[in-house]
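Chain by chain, the residues:
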Amino acid sequence: MPINLLEAFVLAVILCGFLGIILKKNLIMKVISMDVMSSGVIAYFVVIAARQGVFTPILGDIPRTNYADPVPQAVILTAIVIGFSIQALMLVGVIKLSRNNPTLEIHEIEKSDLV
């Protein structure tokens with residue numbers, strides 16, 4: 001099964017977020033990179049769920065048997081809410097660190113004795 005262009009783009013977004021978490025030294029940039037990676041994972045689920053020939057489960061005149069599964073939609077909504085709460089928690093941690101340190105660079109925070 002060949003990978004299409006949209007799947008490749010979404011996987012590139014996930015990879016960019018992952019590399020941002022690893023390579024960036026600023027804590028705010030790490031939080032943003034984690035949000036980019038989370039959005040990429042959610043977009044990948046949307047790309048996988050958007051198949052041809054799948055109908056929404058709405059009653060109508062035409063009897064259809066090929067309905068879309070609503071469970072992935074619930075999982076994605078839950079992932080969005082959990083991702084938002086984790087991002088808020090990480091930003092609170094960054095704010096707490098910034099009160100004790102004049103910088104948000106990781107190597108400067110590790111060198112200081114205030115942690």
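This section reports on the structure supplied with the text.

Another point: the overall build of the chain. The number of helices and strands found in the chain is four helices and zero strands. Listing the helices and strands of the chain from first to last along the sequence gives α-α-α-α. Buried positions account for 15% of the 115 residues belonging to the chain. At a minimum sequence separation of 6, the contacts of the chain that also span at least 24 residues come to 51%. Roughly 8,800 Å² of accessible area belongs to the chain as shown, and the carbon and sulfur atoms make up 71% of that amount.

It is the contact of helix H2 (residues 27–49) with helix H3 (residues 71–100), at a shortest axis distance of 10 Å, that shows an interaxial angle of 175°. As far as their axial angle goes, H3 and H2 are roughly antiparallel. In contact with Leu27, Ile28, Val31, Met34, Asp35, Ile42 and Phe45 of H2, H3 contributes Ile76, Ala79, Ile80, Ile86, Gln87, Met90, Leu91, Val94 and Leu97. The residue inventory of the contact of H2 with H3, partitioned by class, reads 14 nonpolar, one polar and one charged.

Looking at soluble globular proteins, one finds that nonpolar side chains tend to be buried together. Core analysis: the biggest nonpolar cluster contains five residues, these being Leu27, Val31, Val94, Leu104 and Ile109. With near-sequence residues (within four places) excluded, valine 94 lies in contact with Leu27, Ile28, Val31 and Leu104.

Once that is clear, we can look at H2. With 23 residues, H2 extends 33 Å from end C-alpha to end C-alpha; this agrees with the ideal 33 Å at 1.5 Å per step. Buried positions along H2 lie against helix H1 (5–23), H3 and helix H4 (106–111).

Further remarks concern the pattern of salt bridges. Considering all chains together, one arrives at one salt bridge under this definition. Across the pair lysine 111 and glutamate 108 runs a salt bridge whose closest N-O atoms are separated by 3.6 Å. In this pair, lysine 111 and glutamate 108 both sit in helix H4, three residues apart, roughly one turn of the helix.

Bringing H1 into the picture now. Between its first and last C-alpha, H1 extends 26 Å over 19 residues, near the 27 Å set by a 1.5 Å rise per residue. Within H1 the residues assigned to the buried category are Glu7, Val10, Ile14, Gly17 and Gly20. When H1 is viewed along its axis, its buried side chains cluster within an angular range of 150° and face the same direction. Pointing more than 90 degrees away from the buried face of H1 are the exposed residues Leu5, Phe9, Cys16 and Leu23.

Each value, and the rule that gives it
- Residues numbered from 1 in each chain as written.
- Predicted model: local features only at pLDDT ≥ 70, side-chain atom pairs only at ≥ 80, totals over all residues.
- Heavy atoms only, no water.
- Helix = DSSP H or I, 4+ residues; strand = E, 2+ residues; numbered from the N terminus.
- Buried < 20%, exposed > 50% of the residue type's maximum accessible area, 1.4 Å probe, protein only.
- Contact = heavy atoms within 4.5 Å.
- Areas by Shrake-Rupley, 256 points an atom, 1.4 Å probe, with all protein chains shown as cover.
- Axes fitted to C-alpha atoms, helices over the stretch in contact; angles between N-to-C directions.
- Parallel < 35°, antiparallel > 145°, perpendicular 65-115°, else oblique.
- Nonpolar A, V, L, I, M, F, W, Y, C, P; charged D, E, K, R; others polar.
- Core = buried A, V, L, I, M, F, W, Y, C linked by side-chain atoms within 4.5 Å.
- Expected span 1.5 Å × (residues − 1).
- Salt bridge = Lys/Arg side-chain N within 4 Å of Asp/Glu carboxyl O.
- Arc of directions from axis to C-beta.

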